[in-house]
Amino acid sequence: MTKKSFTIAVLEGDGIGPEITREAVKVLKAVEQKSGVVFELKYAPFGGQAYFDTGASFPEETKALCDAADAILKGPIGLSHEQSKKIPVEEQPERGGLLPLRRRYMTYANFRPVYLPPELAHFSPLKPRVIEGGIDIMMVRELVGGLYFGGKEQGVNAQGRRYVKESLDYDEDQIARIMHVAFKEARKRKKVLHNVHKSNVLMSSVLWNEILEEIAPEYPDVEVRHVIVDAAATLLCLKPTQFDVMVMENMFGDILSDLGGGLLGSLGLMPSACIGEQKSYYEPSHGSAPDIANQGIANPYSMIGSVALMLEKSFGMDEEAKAIWAAIRDVFGAGYTTPDLGDPEGGQHVIETSAFGDRVAGAVLGA
Ligand code: IPM
Ligand code: MG
């Protein structure tokens with residue numbers, strides 16, 4: 001039986017964060033109303049604005065709240081270049097907030113769906129013959145290892161030149177756990193796993209592939225295909241429909257998942273789930289877009305999609321998650337869009353952020 005009440009730490013973040021979070025919360029309330037499951041929301045500061053308000057991007061009170069929550073729903077963070085410069089490098093919201101959040105809960109498995117059903121196809125810059133029936137890729141990105149968290153060194157060398165050194169660290173356990181996640185995901189879907197690597201150059205990829213070979217026999221029903229990361233970038237553009245589940249290390253995943261947003265037509269269409277052993281958090285894959293904040297023009301899809309992922313992966317509410325995806329498709333399918341996404345086909349229903357959220361919540365309620 002599903003638990004009847006969940007506590008969610010809500011970190012609205014910067015830029016468009018608060019406004020798209022508001023719409024995601026509307027959708028949560030609709031689910032609450034329909035399912036009878038209660039969501040207790042605890043708001044806490046996080047990100048660049050939090051730094052200015054409290055002196056920390058990830059304040060202690062926020063940590064305590066997240067520790068106590070069943071899951072964390074996090075908006076995008078980050079400041080304009082000018083604002084960022086007012087904060088010491090180490091304290092800037094990405095290094096001082098987001099990476100410590102990932103580290104605190106060891107959210108090693110990052111799911112980034114690149115999902116383009118027919119109702120959204122017109123947003124993609126790709127030709128219809130390339131999109132075929134629609135794109136449906138699950139990128140699985142390792143999120144707490146590699147260059148992001150490796151050793152760092154900086155200084156002046158013997159020649160008096162400034163230098164920097166950052167290392168790409170992985171051990172076999174870190175690789176094995178993300179591989180298991182990816183194989184299990186592939187098993188649930190089309191049973192094909194694309195392994196993204198760079199073993200022609202990087203020793204980290206050689207070990208990555210070795211561990212993959214050791215684990216693969218446990219999943220005899222999953223076919224493994226290998227693709228080198230640079231080639232993967234090209235193939236994603238030329239024939240995205242050949243991919244289903246893709247697994248990759250942290251930095252490769254950062255880059256290819258943004259490419260995924262490009263295939264869809266906007267990073268605003270990229271929700272994500274960051275799964276840890278004890279705790280998971282959910283966030284859009286994009287930044288805080290300060291240039292379009294507070295104008296009611298940002299599409300809330302990435303935040304609403306993150307709620308759907310949270311219901312599925314943290315609360316076991318699969319049916320409700322499906323209802324949210326269906327609601328989003330319905331609203332786009334009826335021709336609604338927001339000014340940031342626009343409608344390349346010249347569609348007529350350009351509505352504001354909050355009206356878009358109302359429609360998705362309404363569709364969830366009406367389902
Ligand atoms: C992402 C973002 C982050 C990352 C930034 C904000 C640190 O680009 O989630 O993809 O690089 O992981
Ligand atoms: Mg990124």
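Keep in mind it's a predicted model, so treat the numbers as computed, not measured.

1. So, the packing of aromatic side chains
Link 1 in the chain: One pass over the full model with this rule turns up 12 aromatic pairs.
Link 2 in the chain: Aromatic side chains F6 and F39 sit 6.5 Å apart centroid to centroid with 20 degrees between the ring planes, which places their arrangement in the stacked category. Here the residue F6 occupies a position in strand β1 (residues 5–11), and F39 occupies one in strand β2 (residues 38–43), the gap between them amounting to 33 residues.
Link 3 in the chain: Where F46 meets F58, the ring centres are 5.2 Å apart and the plane angle is 80 degrees; that geometry is what we call edge-to-face.

2. Topic: empty space enclosed by the protein
Link 1 in the chain: By the definition in use, this model includes 1 cavity of 30 Å³ or more.
Link 2 in the chain: Reported here for the largest cavity is a volume of approximately 50 Å³.
Link 3 in the chain: Lining the largest cavity, in full, are L168, Y170, V196, H197, S204, S205, W208, E249 and F252.
Link 4 in the chain: At the level of elements, β8 (192–197) and α8 (203–215) are the ones that each hand at least two residues to the lining of the largest cavity.
Link 5 in the chain: The dominant element in the lining of the largest cavity, judged by the number of residues it contributes, is α8, at 3 residues.

3. Description of the domain arrangement of the protein
Link 1 in the chain: Domain assignment breaks the protein into domain 1 (1–113 + 270–367) and domain 2 (125–264).
Link 2 in the chain: On a C-alpha basis, the centres of domain 1 and domain 2 stand 24 Å from each other.
Link 3 in the chain: Listed per partner, the contact involves 18 residues of domain 1 and 20 residues of domain 2.
Link 4 in the chain: Of all residues in domain 1, Y108, F111 and R112 give up the largest surface area on contact with domain 2, accounting jointly for 38% of the area buried on that side.
Link 5 in the chain: The interface formed by domain 1 and domain 2 holds 0 salt bridges in total.
Link 6 in the chain: The interface formed by domain 1 and domain 2 includes 5 residue pairs in polar contact (both at pLDDT 80 or more).
Link 7 in the chain: Those elements giving two or more residues to the side of domain 1 that touches domain 2 turn out to be α5 (93–104), β4 (109–116) and α11 (301–313).
Link 8 in the chain: Among the elements that line the side of domain 1 that touches domain 2, the one with the most residues is β4, at 5 residues.
Link 9 in the chain: Across the side of domain 1 that touches domain 2, the residue classes break down as 9 nonpolar, 3 polar and 6 charged.

Analysis parameters
- Residues numbered from 1 in each chain as written.
- Chains lettered and ligands numbered in written order.
- Predicted model: local features only at pLDDT ≥ 70, side-chain atom pairs only at ≥ 80, totals over all residues.
- Heavy atoms only, no water.
- Phe/Tyr/Trp six-rings, centres within 6.5 Å; stacked < 30°, edge-to-face > 60°.
- Helix = DSSP H or I, 4+ residues; strand = E, 2+ residues; numbered from the N terminus.
- 1 Å grid on protein atoms, 1.4 Å probe; cavity = no way out; pocket = protein on both sides within 12 Å on 5 of 7 lines; lining within 4 Å.
- Points joined across faces, edges and corners; volume = space filled by probe spheres on them.
- Domains from an automatic or database assignment.
- Contact = heavy atoms within 4.5 Å.
- Buried area = accessible area lost by both parts, 1.4 Å probe.
- Salt bridge = Lys/Arg side-chain N within 4 Å of Asp/Glu carboxyl O.
- Polar contact = N/O pair within 3.5 Å; in protein donor to acceptor, adjacent residues only side chain to side chain.
- Nonpolar A, V, L, I, M, F, W, Y, C, P; charged D, E, K, R; others polar.

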